[in-house]
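# Structural characterization, general
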Amino acid sequence: MPPTISRIVQALEPSATMAMAAKARELRASGKTVYDLSLGEPDFDTPSHICQAAAQAMDSGHTHYTVASGIPELKQAVVDQYLSAHGLEYAPQQVVISNGAKHALHNVFTVLLDPGDEVIIPAPYWVSYAELVKLTGAVPVIVQTAEADDFKLTPDALARSITKNTKMLLLCSPSNPTGSMYSPDELGQLADVVIDAAVIDRDLLVVADEIYERLVYSGHQFASFATLRPELPERTILINGVSKTYAMTGWRIGWSMSPANVAKAIGGLQSQQTSNACSISQYAAIAALTGPQQCVDEMLAEFAKRREFVTRRIAEIPGLSCAEMGGAFYAFINISRHLGRSYDGVRIDNSTQWCLELLSQKSVATVMGSAFGTEGYARASFATSMENLEAALERIEQFVTQ
Ligand code: PMP
Ligand code: GLU
């Protein structure tokens with residue numbers, strides 16, 4: 001008899017972004033040309049000065065375990081960056097370096113959530129949030145936002161979702177999967193609800209995933225959540241990392257910045273669980289944060305061109321639309337007007353069927369909106385070449401106009 005998988009993991013949905021990317025890879029391995037808009041990872045190579053820092057770290061013998069919570073120089077670089085970019089004063093011991101922001105999030109949930117605690121997650125949300133919350137036995141409380149509100153949680157909707165069991169609110173701005181961004185004023189209004197809610201029972205905590213903070217397009221302004229009200233640093237956990245900003249997805253470096261007791265708990269957890277994040281990658285991340293930043297501007301300029309192109313093309317395709325992307329590199333395409341009909345004899349009623357059929361008929365990989373908690377949409381990542389985007393959108397047009 002095969003071993004029984006634990007109940008908690010049986011209930012876990014594998015990452016749909018990873019699954020679609022794997023399907024695209026499989027098709028490519030079978031000899032097909034695939035236009036892959038599935039995964040949110042920059043297509044650029046990691047800038048060479050960062051790679052050189054990694055090589056130098058190896059040559060200098062930094063190939064051993066480090067302090068479990070991360071090397072002091074990297075924590076200091078993170079602290080310095082938040083001070084200079086946002087005026088936020090953190091101590092290095094409030095930073096824990098983990099194996100990517102995904103791991104940092106899992107750690108935060110593990111040390112803060114007890115079974116039955118409620119976590120408010122505005123939808124559409126990044127695939128891993130709800131699943132990682134469920135792993136702790138806590139309950140994701142999904143609050144749908146509307147395309148007409150640019151997929152932003154309103155203060156009223158937030159206030160209505162808070163119960164005596166609410167422990168945490170999760171915010172992601174700029175957002176994966178919609179690219180939408182809260183203005184500083186909008187974040188401030190949410191912060192006021194959070195602060196007022198604290199009188200009900202206990203402090204409501206906010207996990208602010210700011211991993212796309214440097215990928216913001218002109219006309220939009222990023223504000224770190226903890227800067228908005230003086231009360232916020234003690235009830236906010238900031239999540240960030242190098243994956244998106246510096247095209248370093250494979251290096252697996254991300255971090256949390258939290259109140260000192262939370263950071264200490266995360267450090268303890270990580271010391272039992274994974275020990276340190278890769279020593280060499282940590283040195284590379286120092287070079288990323290403290291070295292020349294021109295590479296970030298160059299990549300952003302390229303993303304901006306692609307964003308403009310994708311926005312224009314989606315608007316041109318009959319029946320498709322998408323909200324304005326203020327940041328990140330995703331278009332969350334409204335496909336609802338193209339559901340409930342046949343495509344080459346195949347009836348398509350939901351986003352999963354639409355994305356799978358688009359891949360099978362036109363070799364274009366996207367991710368179904370349902371994986372992000374919102375039906376009727378498909379996410380297209382534009383962290384891929386213009387050539388790929390041109391071909392993919394041409395094929396999407398052929399697909400929906402057939
Ligand atoms: N948060 C968001 C919103 C993301 O899109 C990603 C991308 N995977 C992550 C966290 C995790 O990033 P990583 O683990 O590569 O640092
Ligand atoms: N965050 C990226 C995405 O949403 C990478 C994949 C993942 O970590 O889920 O596509």
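First, a word on scope: everything that follows refers to the structure included in this document. These figures come from a predicted structure and were not determined experimentally.

Let us now look at the packing of helix α12 (residues 351-362) against helix α13 (residues 386-401). Two numbers describe how α12 lies on α13: the axes approach to 11 Å, and their chain directions differ by 110°. When the axes of α12 and α13 are compared, the pair comes out roughly perpendicular. Considering how the two elements wind past one another, α12 and α13 form a crossing that is right-handed. Contacts between α12 and α13 involve Trp 354, Glu 357, Leu 358, Gln 361 and Lys 362 from the former and Arg 395, Ile 396, Gln 398, Phe 399 and Val 400 from the latter. Partitioning the contact of α12 with α13 into residue classes produces five nonpolar, two polar and three charged.

By the secondary structure assignment, Thr 178 is in the loop between β5 (166-172) and α8 (184-197). A relative accessible area of 2% places Thr 178 in the buried class. A polar contact is formed between the side chain of Thr 178 and the side chain of Ser 175, at a distance of 2.9 Å. Reaching out from Thr 178, the side chain makes a polar contact with the backbone nitrogen of Ser 180 at a distance of 3.1 Å. Sequence-distant contacts of Thr 178, defined by excluding residues within four places in its chain, comprise Pro 124, Phe 151, Met 325, Tyr 330 and Phe 332.

In this section: a nonpolar patch on the surface. On the surface, a nonpolar cluster with roughly 300 Å² of combined accessible area is contributed by Ile 5, Ile 8, Val 9 and Leu 12. Within the secondary structure, Ile 5 is located in the segment before α1 (7-10). Residue classification places Ile 5 among the partly exposed residues on the basis of a relative accessible area of 48%.

Cut-offs and rules
- Residues numbered from 1 in each chain as written.
- Chains lettered and ligands numbered in written order.
- Predicted model: local features only at pLDDT ≥ 70, side-chain atom pairs only at ≥ 80, totals over all residues.
- Heavy atoms only, no water.
- Axes fitted to C-alpha atoms, helices over the stretch in contact; angles between N-to-C directions.
- Helix = DSSP H or I, 4+ residues; strand = E, 2+ residues; numbered from the N terminus.
- Parallel < 35°, antiparallel > 145°, perpendicular 65-115°, else oblique.
- Left-handed = near helix turned anticlockwise from the far one by under 90°.
- Contact = heavy atoms within 4.5 Å.
- Nonpolar A, V, L, I, M, F, W, Y, C, P; charged D, E, K, R; others polar.
- Buried < 20%, exposed > 50% of the residue type's maximum accessible area, 1.4 Å probe, protein only.
- Polar contact = N/O pair within 3.5 Å; in protein donor to acceptor, adjacent residues only side chain to side chain.
- Patch = residues over 30% accessible without salt bridge, like charges linked within 9 Å, V, L, I, M, F, W, Y side chains within 5 Å.
- Areas by Shrake-Rupley, 256 points an atom, 1.4 Å probe, with all protein chains shown as cover.
- Salt bridge = Lys/Arg side-chain N within 4 Å of Asp/Glu carboxyl O.

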